[in-house]
Amino acid sequence: MTSHQTTQTMKPATAAKKLGVYLEATPAEFQEGVVSRAELTGLQADPPEWLQELRRNGPHPRPVVAAKLGVSIAGLARGGVTEALTTEQIEALKTENPDWLRRERSTQAEVRKESVRIKEKNAERTAKRS
(Lines give C-alpha, C1' and ligand atoms only; values in the text may rest on other atoms or scores of the structure.)
Protein backbone atom coordinates (compact mmCIF):
# COMPACT_ATOMS: atom_id res chain seq x y z
CA MET A 1 0.00 0.00 0.00
CA THR A 2 1.39 3.40 -0.95
CA SER A 3 0.54 6.57 0.84
CA HIS A 4 -0.67 9.46 -1.23
CA GLN A 5 0.15 12.94 -0.13
CA THR A 6 -2.63 15.25 -1.16
CA THR A 7 -1.84 18.83 -1.87
CA GLN A 8 -3.50 21.13 0.63
CA THR A 9 -5.43 23.87 -1.07
CA MET A 10 -7.44 26.84 0.08
CA LYS A 11 -10.16 29.01 -1.31
CA PRO A 12 -9.12 32.27 -2.95
CA ALA A 13 -10.73 34.25 -0.11
CA THR A 14 -8.54 32.49 2.44
CA ALA A 15 -5.42 33.03 0.35
CA ALA A 16 -6.27 36.72 -0.14
CA LYS A 17 -6.73 37.12 3.61
CA LYS A 18 -3.36 35.49 4.28
CA LEU A 19 -1.76 37.77 1.68
CA GLY A 20 -3.46 40.85 3.16
CA VAL A 21 -5.18 41.87 -0.06
CA TYR A 22 -8.76 42.61 -1.10
CA LEU A 23 -10.05 39.56 -3.00
CA GLU A 24 -12.22 41.53 -5.46
CA ALA A 25 -9.13 43.45 -6.62
CA THR A 26 -7.11 40.33 -7.44
CA PRO A 27 -6.87 38.96 -11.00
CA ALA A 28 -9.75 36.77 -12.20
CA GLU A 29 -7.56 33.65 -12.42
CA PHE A 30 -6.70 34.06 -8.72
CA GLN A 31 -10.36 34.56 -7.73
CA GLU A 32 -11.62 31.59 -9.74
CA GLY A 33 -9.04 28.96 -8.84
CA VAL A 34 -7.76 27.33 -5.71
CA VAL A 35 -4.41 28.11 -4.12
CA SER A 36 -2.10 25.43 -2.81
CA ARG A 37 0.10 26.01 0.22
CA ALA A 38 3.13 25.87 -2.07
CA GLU A 39 1.62 28.54 -4.34
CA LEU A 40 0.82 30.73 -1.33
CA THR A 41 4.38 30.39 -0.07
CA GLY A 42 5.63 31.31 -3.53
CA LEU A 43 3.38 34.38 -3.66
CA GLN A 44 4.63 35.48 -0.24
CA ALA A 45 8.30 34.88 -1.04
CA ASP A 46 8.32 36.39 -4.53
CA PRO A 47 5.15 38.46 -5.04
CA PRO A 48 4.17 39.09 -8.67
CA GLU A 49 3.64 42.65 -9.87
CA TRP A 50 -0.15 42.57 -9.32
CA LEU A 51 0.34 41.57 -5.67
CA GLN A 52 3.00 44.23 -5.08
CA GLU A 53 0.70 46.83 -6.65
CA LEU A 54 -2.27 45.79 -4.48
CA ARG A 55 -0.17 45.90 -1.33
CA ARG A 56 1.23 49.29 -2.27
CA ASN A 57 -1.89 51.10 -3.55
CA GLY A 58 -4.89 48.95 -2.64
CA PRO A 59 -7.76 48.73 -2.49
CA HIS A 60 -7.04 47.31 0.96
CA PRO A 61 -9.31 45.01 3.00
CA ARG A 62 -10.80 46.37 6.24
CA PRO A 63 -8.18 44.84 8.60
CA VAL A 64 -5.42 46.58 6.64
CA VAL A 65 -7.37 49.85 6.48
CA ALA A 66 -7.97 49.69 10.25
CA ALA A 67 -4.29 49.04 10.94
CA LYS A 68 -3.16 51.88 8.67
CA LEU A 69 -5.57 54.28 10.41
CA GLY A 70 -4.73 53.01 13.91
CA VAL A 71 -8.29 51.98 14.77
CA SER A 72 -10.25 48.75 15.20
CA ILE A 73 -12.41 47.18 12.50
CA ALA A 74 -15.45 48.00 14.64
CA GLY A 75 -14.20 51.59 14.80
CA LEU A 76 -14.16 51.71 11.01
CA ALA A 77 -17.78 50.57 10.95
CA ARG A 78 -18.76 53.16 13.58
CA GLY A 79 -17.08 55.76 11.38
CA GLY A 80 -19.10 54.63 8.38
CA VAL A 81 -16.20 53.01 6.51
CA THR A 82 -17.54 49.71 5.21
CA GLU A 83 -15.76 49.45 1.85
CA ALA A 84 -12.18 48.69 0.90
CA LEU A 85 -10.07 51.84 0.59
CA THR A 86 -7.05 52.70 -1.53
CA THR A 87 -3.83 54.00 -0.02
CA GLU A 88 -4.72 57.43 -1.42
CA GLN A 89 -8.12 57.39 0.31
CA ILE A 90 -6.51 56.29 3.59
CA GLU A 91 -3.98 59.12 3.38
CA ALA A 92 -6.79 61.60 2.64
CA LEU A 93 -8.66 60.40 5.75
CA LYS A 94 -5.52 60.81 7.85
CA THR A 95 -5.06 64.33 6.53
CA GLU A 96 -8.72 65.24 7.03
CA ASN A 97 -8.69 63.61 10.51
CA PRO A 98 -12.48 63.65 11.05
CA ASP A 99 -13.98 63.59 14.56
CA TRP A 100 -14.82 59.88 14.38
CA LEU A 101 -11.20 59.03 13.49
CA ARG A 102 -9.80 61.05 16.40
CA ARG A 103 -12.32 59.41 18.74
CA GLU A 104 -11.55 55.90 17.52
CA ARG A 105 -7.79 56.44 17.71
CA SER A 106 -8.21 57.66 21.28
CA THR A 107 -10.33 54.62 22.12
CA GLN A 108 -7.76 52.31 20.54
CA ALA A 109 -4.97 53.96 22.56
CA GLU A 110 -6.95 53.40 25.77
CA VAL A 111 -7.53 49.76 24.86
CA ARG A 112 -3.79 49.27 24.30
CA LYS A 113 -2.95 50.93 27.65
CA GLU A 114 -5.45 48.72 29.45
CA SER A 115 -4.03 45.62 27.77
CA VAL A 116 -0.53 46.55 28.94
CA ARG A 117 -1.80 47.21 32.47
CA ILE A 118 -3.52 43.82 32.63
CA LYS A 119 -0.47 42.05 31.23
CA GLU A 120 1.78 43.69 33.84
CA LYS A 121 -0.67 42.83 36.64
CA ASN A 122 -0.74 39.19 35.54
CA ALA A 123 3.06 39.12 35.36
CA GLU A 124 3.24 40.44 38.95
CA ARG A 125 0.84 37.74 40.13
CA THR A 126 2.90 35.06 38.41
CA ALA A 127 6.11 36.43 39.94
CA LYS A 128 4.57 36.42 43.44
CA ARG A 129 3.53 32.77 43.08
CA SER A 130 7.05 31.65 42.12
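Nothing here was measured: the structure is a model prediction, and the numbers come from that model.

Engineer: How should the layout of surface pockets be read in this particular structure?
Structural biologist: Remark: the empty space left among the atoms is shown by a probe the size of a water molecule rolled over them. Put simply, the largest pocket is a space of about 300 Å³. What lines the largest pocket is a set of 16 residues, among which K17, V21, P61, R62 and P63 lie closest to the centre. When residues of the lining of the largest pocket are traced back to their parent elements, those giving at least two are helix 1 (12-19) and helix 5 (62-69). Considered class by class, the residues forming the lining of the largest pocket number ten nonpolar, two polar and four charged.

Engineer: Can you help me understand the packing of helix 5 against helix 7 (residues 87-96) in this one?
Structural biologist: In a packed pair of helices, the relevant descriptors are the angle between the two axes and the axis-to-axis distance. Across the interface, helix 5 lies against helix 7 with an axial gap of 10 Å and an inter-helix angle of 35°. Along this stretch, helix 5 crosses helix 7, giving a crossing that reads as right-handed. Between helix 5 and helix 7, the contacting residues are V65, K68 and L69 on the first element and I90, L93 and K94 on the second.

Engineer: Is there a simple way to think about the side chain of T26 in this case?
Structural biologist: Structurally, T26 can be placed in the loop between helix 1 and helix 2 (28-32). Here the side chain of T26 touches L23 through a polar contact of 2.6 Å, landing on its backbone oxygen. Ignoring anything within four residues of it in the chain, the contact list for T26 reads V21, Q31, W50 and L54.

Engineer: How should the packing of helix 1 against helix 3 (residues 37-45) be read in this particular structure?
Structural biologist: Running from amino to carboxyl end, helix 1 crosses helix 3 at an angle of 30°, the nearest separation of the two axes being 11 Å. Looking at the two axes, helix 1 sits roughly parallel to helix 3. In this structure, the crossing between helix 1 and helix 3 has a hand that is right-handed. Touching A15, K18 and L19 of helix 1 are L40, L43 and Q44, all from helix 3.

Engineer: What's the story with the packing of aromatic side chains in this structure? I'm lost.
Structural biologist: How two aromatic rings sit relative to each other is given by the distance of their centres and the angle of their planes. On inspection of all chains with the given rule, the structure shows one aromatic pair. Here the aromatic rings of F30 and W50 are separated by 5.4 Å at their centres, their planes lie at 55°, and the arrangement is tilted. With F30 in helix 2 and W50 in helix 4 (residues 49-57), this residue pair connects regions lying 20 residues apart in the sequence. F30 sits in the buried class, given a relative accessible area of 8%.

Engineer: Help me understand the pattern of salt bridges in this model?
Structural biologist: Any two side chains of opposite charge can pair, so long as their charged atoms come close to each other. Under the counting rule described, the total for this entry stands at seven salt bridges. In this structure, E53 engages R56 in a salt bridge whose closest nitrogen and oxygen atoms are separated by 3.3 Å. Within this pair, E53 and its partner R56 are both found in helix 4, separated by three residues, close to a single helical turn. Here E114 and R117 are joined by a salt bridge, their closest N and O atoms 2.6 Å apart.

Cut-offs used in this document
- Residues numbered from 1 in each chain as written.
- Predicted model: local features only at pLDDT ≥ 70, side-chain atom pairs only at ≥ 80, totals over all residues.
- Heavy atoms only, no water.
- 1 Å grid on protein atoms, 1.4 Å probe; cavity = no way out; pocket = protein on both sides within 12 Å on 5 of 7 lines; lining within 4 Å.
- Points joined across faces, edges and corners; volume = space filled by probe spheres on them.
- Helix = DSSP H or I, 4+ residues; strand = E, 2+ residues; numbered from the N terminus.
- Nonpolar A, V, L, I, M, F, W, Y, C, P; charged D, E, K, R; others polar.
- Axes fitted to C-alpha atoms, helices over the stretch in contact; angles between N-to-C directions.
- Left-handed = near helix turned anticlockwise from the far one by under 90°.
- Contact = heavy atoms within 4.5 Å.
- Polar contact = N/O pair within 3.5 Å; in protein donor to acceptor, adjacent residues only side chain to side chain.
- Parallel < 35°, antiparallel > 145°, perpendicular 65-115°, else oblique.
- Phe/Tyr/Trp six-rings, centres within 6.5 Å; stacked < 30°, edge-to-face > 60°.
- Buried < 20%, exposed > 50% of the residue type's maximum accessible area, 1.4 Å probe, protein only.
- Salt bridge = Lys/Arg side-chain N within 4 Å of Asp/Glu carboxyl O.

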